[in-house]
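Listed below, chain by chain, are the residues.
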Amino acid sequence: MTSPYRKGAASAAGGATKRRDKRRQRAEKREGEKRFRPNREWGRMLNRLLLLAAAMGFVYGVEQLSRQLDAIPVDRVVFAGDLQHLNRQALIDRVTRHLAVGYIGLDLADIQAELEQEPWVYRAVVGRVWPRELKITIVEETPIAEWGKGGLLNHRGRIFEPKVAMELSEPLPLLDGPEGSAIEIMRQYRLMSQLMGDESLVLSRLQLKPRGTWIATLEGGAEVVLGRQEPLEKLRRFLWVYRESLKADFARVERVDTRYINGLAVAWREPEEVEKMQEKKG
């Protein structure tokens, strides 16, 4: 028969053994975690190094590809458009200075701006044509009048000055005035030309003087001074007098001044001057 004392002692000994085993297991677990932790840190560092290497490889590949693309030359430059007054060699020279960067590196906006510095270029449209062609469409200026001394006026009221004087296909009217007045002078010229056209008169020159006086010169040289205020109304008054009194002998008229309230003044040419003018026409 076993003693109760011995049972209690055995139970206590077993409990102590279990506690020692648990402590040993916890110690072994902590030791294992200590050994695993450095390995996990090394793994993270290795992953970072691999990512960095991949990124550097990608950047290097992009740089190499970019260099190869930049090395593609422009093999052909094509100009399109109806070039009447432009010097083709001047256009080629302006474009050539932009071609060194290669086909892909071309700055099309810069080339367009460069070409539009040519006085006769109204608009330039620049585009790539694969694989190695540059196409440039040129729209020339269309002058509607001469301006001042050596300038030309386009249909939008912009003044441009060709470097070299060129013969135009047909004579243009001459407009002149202070800076910033081109559009207004162009508008007045159109209105006055319509009024004069009813009487078969041709307006060859229209000037706006610095002080605001309008002067119209007709084909044949007669000058009509219209003053500063209401030039169209004064022109209508002149045309009425022209129909009633001046038309039959208008070749003798040198100057008409409409700046009077109820009439106008006429300056006549000398007979000898009229004869010389008629001889030139003949």
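Our structure's up above, just so we're on the same page.
The paragraphs below set out a description of the structure included in this document. (Residues numbered from 1 in each chain as written. Predicted model: local features only at pLDDT ≥ 70, side-chain atom pairs only at ≥ 80, totals over all residues. Heavy atoms only, no water.)

Concerning the pattern of salt bridges
Part 1 of the reasoning: Per the counting criterion, the structure on display carries 13 salt bridges.
Part 2 of the reasoning: Among the ionic pairs, E118 bridges to R94, the shortest N-O distance being 2.8 Å. With a gap of 24 residues between them, E118 in the loop between helix 3 (108–115) and strand 2 (121–129) and R94 in helix 2 (residues 88–96) connect regions that are remote in the sequence.
Part 3 of the reasoning: A salt bridge links R255 to E223, with the nearest nitrogen and oxygen atoms 2.2 Å apart. Here R255 is found in strand 11 (residues 253–257), whereas its partner E223 is found in strand 10 (residues 223–227), with 32 residues between them in sequence. (Salt bridge = Lys/Arg side-chain N within 4 Å of Asp/Glu carboxyl O. Helix = DSSP H or I, 4+ residues; strand = E, 2+ residues; numbered from the N terminus.)

A short note on the packing of aromatic side chains
Part 1 of the reasoning: Tallied over the full model, the rule gives 5 aromatic pairs.
Part 2 of the reasoning: Seen from their ring centres, Y103 and W130 are 5.8 Å apart, and the 65° between their planes marks the pair as edge-to-face. Pair noted here: Y103 is in the loop between helix 2 and helix 3 and W130 is in the loop between strand 2 and strand 3 (133–140), with a separation of 27 residues, a long-range link.
Part 3 of the reasoning: Classification of W130 by relative accessible area gives exposed; the value is 63%.
Part 4 of the reasoning: Taking 6.2 Å as the distance between ring centres and 50° as the angle between the ring planes, the aromatic pair formed by F238 and F250 counts as tilted. Of this pair, F238 sits in helix 5 (residues 231–246) while F250 sits in the loop between helix 5 and strand 11; the two residues are 12 residues apart in sequence, bridging distant segments of the chain. The same class applies to F238 as to F250, namely buried. (Phe/Tyr/Trp six-rings, centres within 6.5 Å; stacked < 30°, edge-to-face > 60°. Buried < 20%, exposed > 50% of the residue type's maximum accessible area, 1.4 Å probe, protein only.)

Examining the packing of helix 2 against helix 3
Part 1 of the reasoning: Running from amino to carboxyl end, helix 2 crosses helix 3 at an angle of 145°, the nearest separation of the two axes being 9 Å. Crossing hand, helix 2 versus helix 3: right-handed. Residue-level inspection shows L91, R94 and V95 of helix 2 in contact with helix 3, the latter providing I111, E114 and L115.
Part 2 of the reasoning: Taken together, the residues of the contact of helix 2 with helix 3 break down into 4 nonpolar, no polar and 2 charged. (Axes fitted to C-alpha atoms, helices over the stretch in contact; angles between N-to-C directions. Left-handed = near helix turned anticlockwise from the far one by under 90°. Contact = heavy atoms within 4.5 Å. Nonpolar A, V, L, I, M, F, W, Y, C, P; charged D, E, K, R; others polar.)

The values are spatial; any link to function lies outside them.
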